[in-house]
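Structural description and commentary
Now for the letters of each chain:
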Amino acid sequence: MSFLDRFLIISVVLLASVFPVELFPNTGPVPRGGDGQFSGKQGQVLVVTIPDLKEAASVKGRFMGRTVTLFPNPTAGATGYIGLLGIDLQDEPGSHELAVDAQLGEQTRHFSYQVLVVKEKFAVEHLKLPKEKVDLDEKATARWKAEQEQVRKALAEESAMRLWQTGFIEPVHGKRTGIFGSVRVMNGQPRNPHNGEDIGAPAGTDVMASNDGVVRLVVDHIFSGRGIFVDHGLGLYSMYFHLSETLVNEGDLVKAGQVIGKVGATGRATGPHLHWGMKVNGARVNPYALLELPFPQSRPAAHPVLASPSTPSQEEATPAAAGGDGR
Ligand SMILES: [Zn+2]
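The rules behind these values
Counting from 1, residues in each chain are numbered in the order their sequence is written. pLDDT decides what is reported in this predicted model: residues at 70 or higher carry local features, side-chain atom pairs at 80 or more are listed and counted, and totals for whole chains, interfaces and linings draw on all residues regardless. Here the side-chain values reflect all heavy atoms present in the structure, with hydrogen atoms and water set aside. When the centres of two rings from Phe, Tyr and Trp lie within 6.5 Å, Trp using its six-membered ring, the rings pair. Their planes under 30 degrees apart give stacked, over 60 give edge-to-face, and anything left gives tilted. The helix count covers DSSP runs of H or I at least four residues long, the strand count covers runs of E at least two residues long, and both are numbered beginning at the N terminus. Note on exposure labels: buried denotes an accessible area under 20% of the residue type's maximum, exposed denotes more than 50%, and partly exposed covers the range between, all computed with a 1.4 Å probe on protein chains only. Two strands qualify as a pair provided DSSP detects at least 2 bridges between them. Every angle, taken between N-to-C directions, lies between 0 and 180 degrees, and every axis is a line fitted to C-alpha atoms, over only the stretch in contact when it is a helix. For the purposes of these results, a polar contact is taken to be a pair of N or O atoms within 3.5 Å, where, inside protein, one atom must be able to donate a hydrogen and its partner to accept one; residues adjacent in sequence count only when each atom of the pair is a side-chain atom. The contact criterion used throughout is that any non-hydrogen atoms of two residues lie within 4.5 Å. Just to be clear on terms, a salt bridge is a Lys or Arg side-chain nitrogen sitting within 4 Å of an Asp or Glu carboxyl oxygen.

**Quick word on the packing of aromatic side chains**
- In the structure shown here, the tally under the stated rule is seven aromatic pairs.
- Where Phe122 meets Phe180, the ring centres are 6.0 Å apart and the plane angle is 75 degrees; that geometry is what we call edge-to-face. A residue pair is termed long-range when its members are at least 10 positions apart, and Phe122 in the loop between strand E8 (107–118) and strand E9 (124–127) and Phe180 in the loop between strand E10 (175–176) and strand E11 (183–186) qualify at 58 residues.
- When its relative accessible area of 21% is taken as the criterion, Phe122 is described as partly exposed.
- For Phe180, a relative accessible area of 7% puts it in the buried group.
- Ring geometry for Trp144 against Phe223: centres 6.3 Å apart, planes inclined by 55 degrees, an arrangement best described as tilted. Separated by 79 residues along the polypeptide, Trp144 in helix H3 (residues 138–156) and Phe223 in the loop between strand E15 (213–221) and strand E16 (225–233) bring together distant segments of the chain.
- By way of ring pairs, the aromatic residues Phe71, Trp164 and Phe168 are connected into one cluster.

Here you go:
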């Protein structure tokens, strides 16, 4: 034990005796990370649980500048609160704090967790695309920026209600290419990492909503082509790009498994496929992580889970066959 450690322990003991905890019911000192630890790789989704918490007015966590809203555990018979903590594919590896505040009437309870972000080995993907699709001219750049802003605005506010049910589904039955997070080199230039999964399927194949939610945006964008953004509540969004057809309108309520569009190759795509993306509290996560959440199936029989959780694909991406894109 170092001198500093001894000093800190002695200081804490001294402070505790000088300032009894009872005097400060709302600000009980919590050692950083003292309530538990979680760890996960970049792009994964962690389930944070606070089992002994009951009937709080609001439970909010902060992690790497993002807000994580916790909610009553949806599992039948379970108590306490849980939250989905998305680790962005570019979050810095290392130890970070998840600080949670629970409002209980007049009181605030604080929790502090240590989250270890583990580096994921993403593939490097080389794509060759027509020059004009990679190097945007001024007009195209302006359009792209406006589209980015449109998406940012639409997704800035999270629905205060959890609309999703336990049990996410794969939106298309096709060939998962396993290129989530891959570093993309387009015509020799490094670009943003691939922030979703591509599922190869023939043009016209049904695309289903991965879970219940409300359609927040229906777009026809320069990179993502015809796309749908579904808001599942509490900061969870799913995205479906390159569609040949969209079958829903903004504001529509959708159910898990409902056909919302058709596979296509619109936008920056080299062939028909679905680009499926998921955002959890602003973090770009591997959408397949949502299929692997450890919730027992509580969905009624009317909404069967069509896809079994798949094991992560280790195979190299084959962009020529599966189609590449810019998102
Ligand atoms: Zn894609």
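**Some thoughts on the sheet that holds strand E20 (residues 259–262)**
- The strand order across the open sheet formed by three strands is E14-E20-E18, and the pairing between neighbours is antiparallel. Pairing within the sheet leaves two strands with one partner each, and these edge strands are strand E14 (206–208) and strand E18 (245–246).
- Judged from the two bridges that link them, E18 and E20 form a sheet pairing that is antiparallel. By the bridge assignment, Thr246 is partnered in E20 with Gly261.

**Details of the environment of Gly188**
- The residue Gly188 is located in the loop between E11 and strand E12 (189–190) in this model.
- Assessed through its relative accessible area of 60%, Gly188 is described here as exposed.
- Counting along the chain gives 60 residues from Gly188 to Lys128, while the straight-line C-alpha distance between them is 8.2 Å.

**Examining the sheet that holds strand E7 (residues 94–104)**
- Pairing in this open sheet of five strands is mixed, and the strands run E1-E8-E7-E3-E4 from one edge to the other. Every other strand in the sheet has two partners, leaving strand E1 (37–41) and strand E4 (66–69) as the edge strands with one partner each. Strand-to-strand twist of the sheet, defined as the mean angle between neighbouring strand axes without regard to direction, takes the value 30 degrees.
- Pairing geometry for strand E3 (residues 58–63) and E4, over four bridges, is antiparallel. Bridge pairing in E4 places Lys60 opposite Thr69.

**A few points about unusual backbone geometry**
- Positive phi, close to 50 degrees, is recorded for Asn187, a residue that is not glycine.
- Within the fold, Asn187 resides in the loop between E11 and E12.
- What makes Asn187 partly exposed here is its relative accessible area of 24%.
- One non-glycine residue, Leu234, lies in the positive phi region at around 55 degrees.
- Summarising the element assignment, Leu234 is placed in the loop between E16 and strand E17 (236–243).

**Examining the side chain of Ser182**
- Assignment of secondary structure puts Ser182 in the loop between E10 and E11.
- Exposure remark for Ser182: the relative accessible area of 0% places this residue in the buried category.
- Polar side-chain contacts of Ser182 include one of 3.0 Å to the backbone oxygen of Ile179.
- Those residues within four positions of Ser182 in sequence are excluded, and the remaining contacts are Phe122, Ala123, Glu125, Pro193 and His194.

**Thoughts on the pattern of salt bridges**
- This structure, assessed with the given rule, holds 13 salt bridges.
- Asp88 serves as the salt-bridge partner of Arg284, at 2.8 Å between the closest nitrogen and oxygen. In this pair, Arg284 is assigned in strand E22 (residues 283–285) and Asp88 in the loop between strand E6 (81–86) and E7, connecting sequence segments 196 residues apart.
- Judged by its relative accessible area of 7%, Asp88 is buried.
- In this structure, the salt-bridge partner of Glu197 is Arg176, at a minimum N-O distance of 3.2 Å. Remark: Arg176 occurs in strand E10 and Glu197 occurs in strand E13 (residues 197–200); sequence separation between them is 21 residues. Both residues of the pair, Glu197 and Arg176, count as buried.

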